[in-house]
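Inside the fold
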Amino acid sequence: MAPIPGSGLAKGLAVTLRTMTRKSVTEQYPDALPDLPPRTRGVIGLFEENCTVCMLCARECPDWCIYIDSHKETVPPVAPGGRERSRNVLDRFAIDFSLCMYCGICIEVCPFDALFWSPEFEYAETDIRELTHERDKLREWMWTVPAPPALDPGAEEPKEIAAARKTAEKLAAAQAEPVTDRTEPGEGEA
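Described in the following lines is the structure provided in the data block. Along each chain, the written sequence defines residue order, and numbers are assigned to residues from 1. It should be noted that, the model being predicted, local features are given only for residues of pLDDT at least 70 and side-chain atom pairs only at 80 or more, the latter also being counted only at that level, while totals for whole chains, interfaces and linings use all residues. Think of the side-chain values as coming from all heavy atoms in the structure, minus any hydrogens and water.

**Describing empty space enclosed by the protein**
- We place a 1 Å grid over just the protein atoms. Points where a 1.4 Å probe fits but has no way out form a cavity, open points with protein on both sides within 12 Å along at least 5 of 7 lines form a pocket, and any residue with an atom within 4 Å of a point lines it. Grid points are joined across faces, edges and corners, and a volume is the space filled by probe spheres set on the points. Inspection of the entire model under this criterion finds two cavities of 30 Å³ or more.
- Size it by volume and the largest cavity reaches roughly 100 Å³.
- Taken together, 16 residues line the largest cavity, and the ones lying closest to its centre are C51, C54, C57, C110 and A114.
- Estimates place the volume of the second largest cavity at around 80 Å³.
- Taken together, 13 residues form the lining of the second largest cavity, with C61, C65, C100, C103 and C106 sitting closest to its centre.
- Split into classes, the residues belonging to the lining of the second largest cavity amount to 11 nonpolar, one polar and one charged. In this classification, the charged set is Asp, Glu, Lys and Arg, the nonpolar set is Ala, Val, Leu, Ile, Met, Phe, Trp, Tyr, Cys and Pro, and all remaining amino acids, among them Gly, are polar.

Below you can see the structure in the form of structure tokens.
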């Protein structure tokens, strides 16, 4: 069946009329903050203790808006006779939010969970050069990151937690064993 001429125009006008008759709702922002969905992508927070300066986030960023500087430090051996190790120390971690397109690739590729989405959205600046936020500002946003959702009660226990629990049980069992004297009666007497 052929469409009726002008039916598209009539549908469009019907949508317009429906919208015109609804009462508009005005949000009283900034007096009343909006209720944001729990997975809102506001700004990126940095948990600095987890960052190993692997540079994956900076390499994978399609906008190249993440700037990382580091230096190497020598760590003394843990055990005597061991060898010294070197590790990267984070000097600068900055994100230029004037370039960022909020794709979340940096958060997804971080193997050490150092980057998180924060629901903060009030970080507008009058000068575009001030949209490059350094690690101290990124750390402040980290404390507004919501807790992860609870695990499904029917899900299996994560392997890391299961391994840690088994190790703790073994240590507790080893400490609970009574220490016995291993010499037989009659032995060791002269």
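**Things to note about the pattern of salt bridges**
- Here, a salt bridge means any side-chain nitrogen of Lys or Arg that lies within 4 Å of a carboxyl oxygen of Asp or Glu. Scanning the entire structure with this criterion turns up eight salt bridges.
- Across the pair R92 and E134 runs a salt bridge whose closest N-O atoms are separated by 3.0 Å. With R92 in strand β3 (residues 85–96) and E134 in the loop between β5 (132–133) and α4 (135–142), this pair connects stretches of sequence that are 42 residues apart.
- Exposure is judged per residue with a 1.4 Å probe applied to protein chains only, and the accessible area is read against the type maximum: over 50% gives exposed, under 20% gives buried, and values in between give partly exposed. Here R92 falls in the partly exposed class, since its relative accessible area comes to 28%.
- Judged by relative accessible area, E134 falls into the partly exposed class, the value being 30%.
- Within the structure, one salt-bridge network assembled from shared partners comprises E157, R165 and E169. Secondary structure counts use DSSP, requiring at least four H or I residues in a row for a helix and at least two E residues in a row for a strand, with both numbered from the N terminus.

**Focus on the state of the cysteines**
- When two cysteine sulfur atoms lie within 2.5 Å, the pair is treated as a disulfide. Applying the stated criterion across every chain yields a total of zero disulfides.
- Unpaired in this structure, C57 has its nearest cysteine sulfur neighbour in C54, at a distance of 6.3 Å.
- The cysteine C106 is free of any disulfide, with C103 supplying the nearest cysteine sulfur at 6.3 Å.
- The class for C106 is buried, based on a relative accessible area of 7%.

Purely spatial values, then, with no claim about function.
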